[in-house]
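Structural characterization, general
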Amino acid sequence: MSDSKRLFIGIELNQIHKENLSETGKRLKMYTSNGDLTPKDNHHITLKFLGETKDNRIPVIEETMKEVAGRFHLFLSYMGDIGAFSKGNRSTLWMGIKDKDTLVEMQNRLDEALEKLFYKKDETPYVPHITMIRNAELLEGYEDVELLSSKLKLPRLPILIDKMVLFESTRVEDELKYINIYEAPLAVRRNEDISQTTIRSI
């Protein structure tokens, strides 16, 4: 039995987000000649990829997450426009995040804290996003992702950022699954009405 897990830290999305992203992904794929859609239940926002990690290191990672999460109050971000990471004629298409400053700051603080645990800091600036399609080849005339965003009439659903999640990436019956194995809640301001914030976020 393996004594390690393939891990990453991210933001978990609710079922309303996942249903919406799944439908948007199907419409987006109409403008590609190929590509692999993200399965509905795998949509998330990555904060930090950790890779293969020994089980005995997980408690200190969880403690680090708890420490960083406690420095931030829960907040709202919003789904944004379509973007792309391109290599040759293939692209990873993603949905960006609006009102992302706090999210970027939180990722930076997490990155710095994990560096002390000998995880290498990310060399490229953090771009918060939700992966929609991998290995996509856009159809001729639709290489401009701004044009795609306008054609798709994207929703601007709010996303309540209220916790960091440690995910295990694993295969279950040959399907890739992201399993929530630990949650580090963000701080709540005194007298903050969480129920109303949650209602507004969906």
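Summary of the structure given here.

Calculation notes
Residues numbered from 1 in each chain as written. Predicted model: local features only at pLDDT ≥ 70, side-chain atom pairs only at ≥ 80, totals over all residues. Heavy atoms only, no water. Patch = residues over 30% accessible without salt bridge, like charges linked within 9 Å, V, L, I, M, F, W, Y side chains within 5 Å. Areas by Shrake-Rupley, 256 points an atom, 1.4 Å probe, with all protein chains shown as cover. Salt bridge = Lys/Arg side-chain N within 4 Å of Asp/Glu carboxyl O. Lys, Arg positive; Asp, Glu negative; His and termini not counted. Charge placed at Lys NZ, Arg CZ, Asp CG, Glu CD. Helix = DSSP H or I, 4+ residues; strand = E, 2+ residues; numbered from the N terminus. Buried < 20%, exposed > 50% of the residue type's maximum accessible area, 1.4 Å probe, protein only. Pairing = 2+ DSSP bridges. Axes fitted to C-alpha atoms, helices over the stretch in contact; angles between N-to-C directions. Contact = heavy atoms within 4.5 Å. Core = buried A, V, L, I, M, F, W, Y, C linked by side-chain atoms within 4.5 Å. Expected span 1.5 Å × (residues − 1). Arc of directions from axis to C-beta.

1. Section: a negative patch on the surface
A surface patch of like charges, here negative, comprises E140, E143, D144 and E146. With respect to the secondary-structure elements, E140 resides in the loop between β6 (129-136) and α4 (145-152). What makes E140 exposed here is its relative accessible area of 76%.

2. Description of the sheet that holds strand β9 (residues 175-185)
If you trace the 4 strands from one edge of the open sheet to the other, you get β3-β1-β8-β9, paired in antiparallel fashion. At either margin of the open sheet sits one strand with a lone partner, and together these are β3 (44-54) and β9. For this sheet, the mean inter-axis angle between neighbouring strands, taken without regard to orientation, is 30°. As paired strands, strand β8 (residues 163-172) and β9 are joined by 10 bridges and run antiparallel to one another. Paired with M164 across the two strands is A184, which belongs to β9. Contacting β1 (4-12), β3 and β8, helix α3 (residues 101-115) runs over the sheet at an angle of about 10° to β3.

3. Quick word on the nonpolar core
In terms of nonpolar packing, the biggest core is built from 48 residues, with I9, I45, L47, L103, M106 and M164 touching the most fellow members. When sequence neighbours within four positions are dropped, the list of residues in contact with I9 reads T46, L47, K48, L50, I61, M65, L110, L114, M164, V165 and L166.

4. Some remarks on the environment of L117
Along the chain, L117 falls in the loop between α3 and β6. Along the backbone, L117 and S2 are 115 residues apart, and their C-alpha atoms lie at a distance of 22 Å. Discounting residues that sit within four places of it in the chain, L117 has contacts with R57, V60, I61 and T64.

5. Focus on the sheet that holds β6
Across the sheet, 5 strands lie side by side as β2-β6-β5-β4-β7; this open sheet has antiparallel pairing. Because the sheet does not close on itself, it has two edges, and the strands there are β2 (36-37) and β7 (158-161). Two strands pair when backbone bridges link them, and strand β5 (residues 90-98) and β6 are joined in this way by 5 bridges, in the antiparallel orientation. Counted as the bridge partner of L93 is I133 from β6. Across the sheet, α3 touches β4 (75-87), β5 and β7, and the angle it forms with β4 is around 75°.

6. What about helix α2 (residues 58-69)?
Given a rise of 1.5 Å per residue, 12 residues ought to cover 16 Å, and the 16 Å separating the end C-alpha atoms of α2 matches this to within 8%. Where α2 is concerned, the buried positions are I58, I61, T64, M65, V68 and A69. Relative to the axis of α2, the buried residues are bounded by an arc of 125° and lie together on one face. Buried positions along α2 lie against β1, β3, α3, β8 and β9.

7. Quick notes on the environment of P155
Tracing the backbone shows P155 in the loop between α4 and β7. We classify P155 as buried; its relative accessible area is 19%. The spatial distance from the C-alpha of P155 to the C-alpha of N20 is 8.3 Å, given a sequence separation of 135 residues. Once residues lying within four places of it in the same chain are set aside, the contact partners of P155 are N20, T24 and M79.

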